[in-house]
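Chain by chain, the residues run as shown.
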Amino acid sequence: MTQVSMTVNGKSVSGDVEGRTLLSSFLRDHLSLTGTHVGCDTAQCGACVVHVNGEAVKSCNMLALEADGADVGTIEGQANQDGSLNVIQQAFQDHHGLQCGFCTPGMVMSAAALLKENPRPTESEIRKYLEGNLCRCTGYHNIVKAIMAASGQDVGHIAAE
Ligand code: FES
Ligand code: FES
């Protein structure tokens, strides 16, 4: 066992992990931050996306020890200070960008990273950016719409599907 320390959602945390412990397991099993999901074992689905030092990262594809000293953000840290949904979370709710909700934490974290890089992405830029996030329920359309709305773009012309 080795001690790992990092900042998660602005709070200093530490724990004893094995060398093989994945960051996704550290977040879920050690810190009980179970919003970060695990939907595959081949680094394809993106349900585990978190931010590590401001970058969107698949936490199933990184060892907890590799995040030692890092600044990590998860879905649990995304709401506004007063507990209300942030603009992306609210847009997913308003535009029905989720059904079962399993992909949603990863989608929201990827969307946040996208909007930081590209504050007004086009529909095709959003679709391309989300290539690493799979959803079994929505068919993606309303996720794209939600992200466009979160970026302040008019989505009135995009029909619901
Ligand atoms: S659980 Fe990480 S990509 Fe699927
Ligand atoms: S909402 Fe069910 S997997 Fe995306």
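Before reading further, recall that the structure is shown in the block above.
Note that the structure is a prediction, hence the values are computed from the model and not measured. (Residues numbered from 1 in each chain as written. Chains lettered and ligands numbered in written order. Predicted model: local features only at pLDDT ≥ 70, side-chain atom pairs only at ≥ 80, totals over all residues. Heavy atoms only, no water.)

This paragraph deals with the packing of helix 2 (residues 87–94) against helix 3 (residues 104–117). Where helix 2 meets helix 3, the axes come as close as 10 Å, and the angle between the chain directions of the two elements is 125 degrees. One finds that helix 2 runs oblique with respect to helix 3. Handedness of the crossing formed by helix 2 with helix 3: right-handed. Touching Ile 88, Gln 89 and Phe 92 of helix 2 are Thr 104, Met 107, Val 108, Ala 111, Ala 112 and Leu 115, all from helix 3. (Axes fitted to C-alpha atoms, helices over the stretch in contact; angles between N-to-C directions. Helix = DSSP H or I, 4+ residues; strand = E, 2+ residues; numbered from the N terminus. Parallel < 35°, antiparallel > 145°, perpendicular 65-115°, else oblique. Left-handed = near helix turned anticlockwise from the far one by under 90°. Contact = heavy atoms within 4.5 Å.)

What follows concerns the environment of Gly 97. Note on placement: Gly 97 falls in the loop between helix 2 and helix 3. Since its relative accessible area comes to 0%, Gly 97 is described here as buried. For the pair Gly 97 and Ile 143, spaced 46 residues apart in sequence, the C-alpha separation works out to 4.3 Å. Excluding residues within four positions of it along the chain, Gly 97 makes contact with Phe 92, Thr 138, Asn 142 and Ile 143. (Buried < 20%, exposed > 50% of the residue type's maximum accessible area, 1.4 Å probe, protein only.)

Moving on: unusual backbone geometry. Not every positive phi belongs to a glycine, and Ser 32 is a case in point at roughly 55 degrees. Locating Ser 32 in the fold gives a position in the loop between helix 1 (23–30) and strand 3 (49–52). You can call Ser 32 exposed: its relative accessible area is 55%. One non-glycine residue, Ala 43, lies in positive phi territory at about 60 degrees. Summarising the element assignment, Ala 43 is placed in the loop between helix 1 and strand 3.

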